[in-house]
Amino acid sequence: MLRKLMCQDKVVGVKQSRRAIREGRAERVFLASNADPALVSPIEQLCREREIRVDADFSMEELGRAAGIQVGAAVVALLRQGARPEIQKN
């Protein structure tokens, strides 16, 4: 399953994932099993409301590595095909 994180469009982090969920761009969400519940519980609730599949079987380190970042990730959202990751503006 982590292989999908490596090759499919995604957003990483609580804020970006929350935005993707609210905008209907997320198809599946990964929550780190060792993340602070205060961070991931609201995301899990939002996913339930939107009927988005949640997977909480991986650690922050595993999710971060699979997402291609050098640090752990509490939340990673896989995007629907055709939905683009948002462009960061400086």
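In this text, all values refer to a predicted model and were calculated from it rather than measured experimentally.

A. Just the pattern of salt bridges, in detail. Enumeration according to the criterion identifies two salt bridges in this entry. Between Glu23 and Arg25 there is a salt bridge, with its nearest N and O atoms 2.8 Å apart. Between Arg28 and Asp55 there is a salt bridge, with its nearest N and O atoms 3.3 Å apart. Taken together, the residues Arg28 in strand S2 (residues 26-32) and Asp55 in strand S3 (residues 53-58) connect sequence positions 27 residues apart. Both residues of the pair, Arg28 and Asp55, belong to the buried class.

B. Representation of the sheet that holds strand S4 (residues 75-79) in the model. Across the sheet, which stays open at both edges, the four strands sit in the order S1-S4-S2-S3 with mixed pairing between neighbours. Because the sheet does not close on itself, it has two edges, and the strands there are strand S1 (10-12) and S3. Averaged over all adjacent pairs, the angle separating strand axes in this sheet is 20°, with direction ignored. Here helix H3 (residues 37-50) sits on the sheet and contacts S2, S3 and S4; the angle it forms with S2, its principal contact strand, is near 150°.

About the criteria used
Residues numbered from 1 in each chain as written. Predicted model: local features only at pLDDT ≥ 70, side-chain atom pairs only at ≥ 80, totals over all residues. Heavy atoms only, no water. Salt bridge = Lys/Arg side-chain N within 4 Å of Asp/Glu carboxyl O. Helix = DSSP H or I, 4+ residues; strand = E, 2+ residues; numbered from the N terminus. Buried < 20%, exposed > 50% of the residue type's maximum accessible area, 1.4 Å probe, protein only. Pairing = 2+ DSSP bridges. Axes fitted to C-alpha atoms, helices over the stretch in contact; angles between N-to-C directions. Contact = heavy atoms within 4.5 Å.

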